[in-house]
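# Report on the structure
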Amino acid sequence: MRDFVVRVAFIGFSAFVGAFFALPMLWLVFAPFDSTPTLAAQIPEFTLENFSDLLSNASALRSLGNSLILVAGVVGVVLLVGAPASYVLSRIKFPGRDVFLYMLLLMSSVITGAAAMVPLFLLTFELGLNDRFPGVILVLAGGMLPASIFILKDFTDTTPRSYEESARVFGATTLQTLRDVVVPVIRPGLAVISVWTAVNVWSNFLIPFILLRSPSKSPAAVLMYSFYTEGGQPNLRLIAAFSLLYTVPILLLYGYVNRKYGFRFHGGLKS
Amino acid sequence: MAGIEISEITKIFPGEVTALSELDLSIEDGEFFALLGPSGCGKTTLLRTIAGLEPATSGSLDIGDRDVTSLPPGDRNVAMVFQDYALYPHMTVRDNIAYPLKVQKVGREARYGEAEKAGSSLSLDGLMDRRPGQLSGGQQQRVAVARAVACRPDVFLFDEPLSNLDAQLRLEARGFLKQLQKDLGTTTVYVTHDQGEALALADRMAVMDHGVIRQVGTPTELFHRPANVFVAGFIGSTPMNLIPGVLGDGNVRFDGGVLPLNGRGDTGGEVFYGIRPEYITIGDVGDISGTVAITENLGAQFLVTVDVAGQLIRAVVAEGSEPATGDTATVNPDPDRVLVYDRESGELTPGAGYH
Ligand SMILES: Nc1ncnc2c1ncn2[C@@H]1O[C@H](COP(=O)(O)OP(=O)(O)O)[C@@H](O)[C@H]1O
Ligand SMILES: [Mg+2]
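Now for a quick tour of the structure. (Residues numbered from 1 in each chain as written. Chains lettered and ligands numbered in written order. Predicted model: local features only at pLDDT ≥ 70, side-chain atom pairs only at ≥ 80, totals over all residues. Heavy atoms only, no water.)

## Re the overall build of chain B
Threshold: A run of DSSP states H or I qualifies as a helix once it reaches four residues; a run of E qualifies as a strand once it reaches two. Both are numbered from the N-terminal end. Any residue under 20% of the maximum accessible area for its type is buried, any over 50% is exposed, and the rest in between are partly exposed; the area is computed with a 1.4 Å probe on protein chains only. Whether two residues are in contact is decided by their heavy atoms: any pair within 4.5 Å suffices. Using a 1.4 Å probe, accessible areas were evaluated by the Shrake-Rupley method; residue-level cover was limited to the displayed protein chains. Positive charge is attributed to Lys and Arg, negative charge to Asp and Glu, and no charge count is given to His or to the chain ends. A charge is said to be at NZ when it belongs to Lys, at CZ for Arg, at CG for Asp and at CD for Glu.
Counting its secondary structure elements, chain B contains eight helices and 20 strands. Principal-axis analysis of the C-alpha atoms places the extent of chain B at approximately 75 × 45 × 35 Å. Every one of the 355 residues in chain B was classed for burial, and the buried ones make up 51%. For chain B, the proportion of contacts with a sequence separation of at least 24, taken over those separated by at least 6, is 64%. As displayed, chain B offers around 14900 Å² of accessible surface, 47% of which is attributable to carbon and sulfur atoms. Separation between the mean location of the 29 positive side-chain charges and that of the 48 negative ones in chain B comes to 10 Å.

Written out as structure tokens, the structure is:
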């Protein structure tokens, strides 16, 4: 009897927690199609007008484009710099390597945190990179790199050296070995950090908000902040429609990466 | 085709670990050569030095008539089968076998043809489209060998290729490796810590210990005339008896009595009396007697350990004729099979023993 009560209480509680987190999702699905959305999730009075309004707003589509540029740039920099760096850190043991890695990880949360905003702003200003995409891309990539290197190093560590050595004995050059053996084997790791970086950059508000001054360069996360009616009220119709549009690329990205590369792990060969 | 000439190769790892110490070895063209030794004696290091994966600290290495000491691995025309097989998990069996040819810029058609041939010679037909992860240990091992075969090297290097297989498969794999090597006639260096495997496979073999070679010869030579007590203790499924004693006139004396010897007149030296358990008979009559301490069933034979005045002496007897534990039994070595080792140097002394 007691067991039963505990079970019912537990299931009831779980259902409540589930509903609590599901409600915003419901809002995200219903509100964009509602002609008079509120902050509550409600069955909509169906309309597509919100979207046609949104599409006629030139800055909305442009901001999604800006976000894509930032994501592509940061993912590109993180992969191009992070993969070779993690390979070297995995294969060459030098004194203080582990301390170095942990320091890197520790510093990364400082670099992109609010504490470093003023120095970062000044730095990009000095370099002539303020209000330009490369500046934002470098700052964001700098924040993502340490953890990415850390994760990728782990993937590389689990790749047996004998894979590379056998390729070398067959006469493969270092580049061939990296291309044919190392990269394919750590591909799940590359996929993981790509998606992780993309999601982080896509949703980052603070850094582009501070470093990009021109409204025409705002990425989607920043633009959403500017949807107000003439009366100064948040324009819920635009915000709702834009929110849905804003989530779509991330879902597509996840689906694509999962199908193409798969978040699978090949694991060792020993039977 | 090519032989291998190793002269005064030394390998010192960082941290002053001497893995190979002025090692000389010559391996003939077309020979199946086994490197045998206990774990950590430097076998893998020697193999990797031949492959070029470890640069030698000093010394020189020739393959065929080329000095390859300073050549990178890819230019030595050797193929190595690693202990973990090193198959690429993201490639099919076909692509794995064809990979060395791809590196050599052989066209797609030609290299898949070669892969098909090599795979088929190792009974891998029907498995060519699988990934290594979908194969059993024995099949993975054959893929690794097929990949080595496909690149038609001058030399095969095997690093304990059977150690990850279970006993049944190991026997089978041993057979086909031997057959394959005979068919191809490619010089092969085979590293193992299993003396049975070395004896079964090798045309000639070397026993290594702490970075040096203790003896080189045919399996028969090494089994019948181990050059020192190290080799004597390492080769043979049951280790040789090494009984400490003093040379008398045509015999060896120890606490338990007088051990027979043929054809030796010198006296007084401190020696080990070496005799394999297979060459001792157990009986009721004889000079040396003791109590049976242990009997172990080896299948068709029994290993009997007799305690003679504190010295344990092992003998192998046919099943059914073994004494019971605690019995009194006599130990009768065959004097024609005895080897005498100097006790200080551990080296075989000339004169007595099997030739
Ligand atoms: N990369 C290395 N760095 C330092 N010492 C090593 C290295 N590889 C092997 N050794 C040492 O060299 C010796 C021989 O090793 P190895 O050739 O692997 O022996 P085996 O294959 O006969 O078991 C061992 O003492 C081992 O610890
Ligand atoms: Mg080894």
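Back to the write-up after that little detour.
## A word on the packing of aromatic side chains
Residue and element names in this part refer to chain B. We count it as follows: Ring geometry is summarised as follows: Phe, Tyr and Trp rings, the Trp one being its six-membered ring, pair when their centres sit within 6.5 Å, and such pairs are stacked at plane angles under 30 degrees, edge-to-face over 60 and tilted between the two. In this scheme, the term charge over a ring applies when either NZ of a lysine or CZ of an arginine sits within 6 Å of the ring centre and within 35 degrees of the ring normal.
Under the criterion given, the structure shown has 16 aromatic pairs over all chains. Measuring from ring centre to ring centre gives 5.6 Å for Phe 32 and Tyr 190, while their planes differ by 45°; the resulting arrangement is tilted. A residue pair is termed long-range when its members are at least 10 positions apart, and Phe 32 in strand β3 (residues 32-36) and Tyr 190 in strand β8 (residues 187-192) qualify at 158 residues. Summarising the burial analysis for this pair, Phe 32 and Tyr 190 share the class buried. Joined through ring pairs, the aromatic side chains of Phe 32, Phe 156, Phe 158 and Tyr 190 make up one cluster. Arg 94 extends its terminal NZ or CZ atom over the ring of Tyr 112, reaching a point 5.9 Å from the ring centre. A cation over a ring is seen here: Arg 276 above Phe 223, with NZ or CZ 4.1 Å from the ring centre.

## Quick look at the site of ligand 1
All names here are of chain B. How we decide: Whether a residue is near a molecule or strand depends on its heavy atoms: if one lies within 4 Å, it is near. N or O atoms within 3.5 Å of each other form a polar contact, as long as, within protein, one can give a hydrogen and the other can take it, and as long as residues adjacent in sequence are counted only when both atoms are side-chain atoms. Following the grouping adopted for this structure description, the nonpolar residues are Ala, Val, Leu, Ile, Met, Phe, Trp, Tyr, Cys and Pro, the charged ones are Asp, Glu, Lys and Arg, and the polar ones are all others, Gly among them.
Taken together, the residues surrounding ligand 1 are Phe 13, Val 17, Ala 19, Pro 38, Ser 39, Gly 40, Cys 41, Gly 42, Lys 43, Thr 44 and Thr 45. In the model, an oxygen atom of ligand 1 is placed 2.9 Å from a nitrogen or oxygen of the Lys 43 main chain. A distance of 2.5 Å is found between an oxygen atom of ligand 1 and a side-chain nitrogen or oxygen belonging to Thr 45. Against a free-state accessible area of 560 Å², the protein chains account for coverage of 60% of ligand 1. Elements supplying a minimum of two residues to the shell around ligand 1: β2 (17-27) and α1 (43-51). Here the shell around ligand 1 takes three residues from α1, the largest share from any one element. Each residue belonging to the shell around ligand 1 can be placed in one class, and the counts come to five nonpolar, five polar and one charged.

## Some remarks on the nonpolar core
Note the threshold: Here, nonpolar core refers to any group of buried Ala, Val, Leu, Ile, Met, Phe, Trp, Tyr and Cys residues whose side-chain atoms link them within 4.5 Å.
Counting 73 residues, the largest nonpolar core has Ile 6, Leu 25, Leu 35, Leu 46, Ile 97, Tyr 99 and Leu 157 of chain B as its most contacted members. Looking at this core element by element, the count peaks at seven residues for helix α4 (residues 137-150) of chain B. Aside from chain neighbours lying at most four places away, what touches Leu 157 of chain B is Leu 47, Ile 50, Ala 51, Val 78, Ala 79, Met 80, Val 81 and Val 189 of chain B. In this structure, Val 74, Leu 140, Leu 145 and Leu 152 of chain A belong to the second largest nonpolar core, which totals 46 residues.

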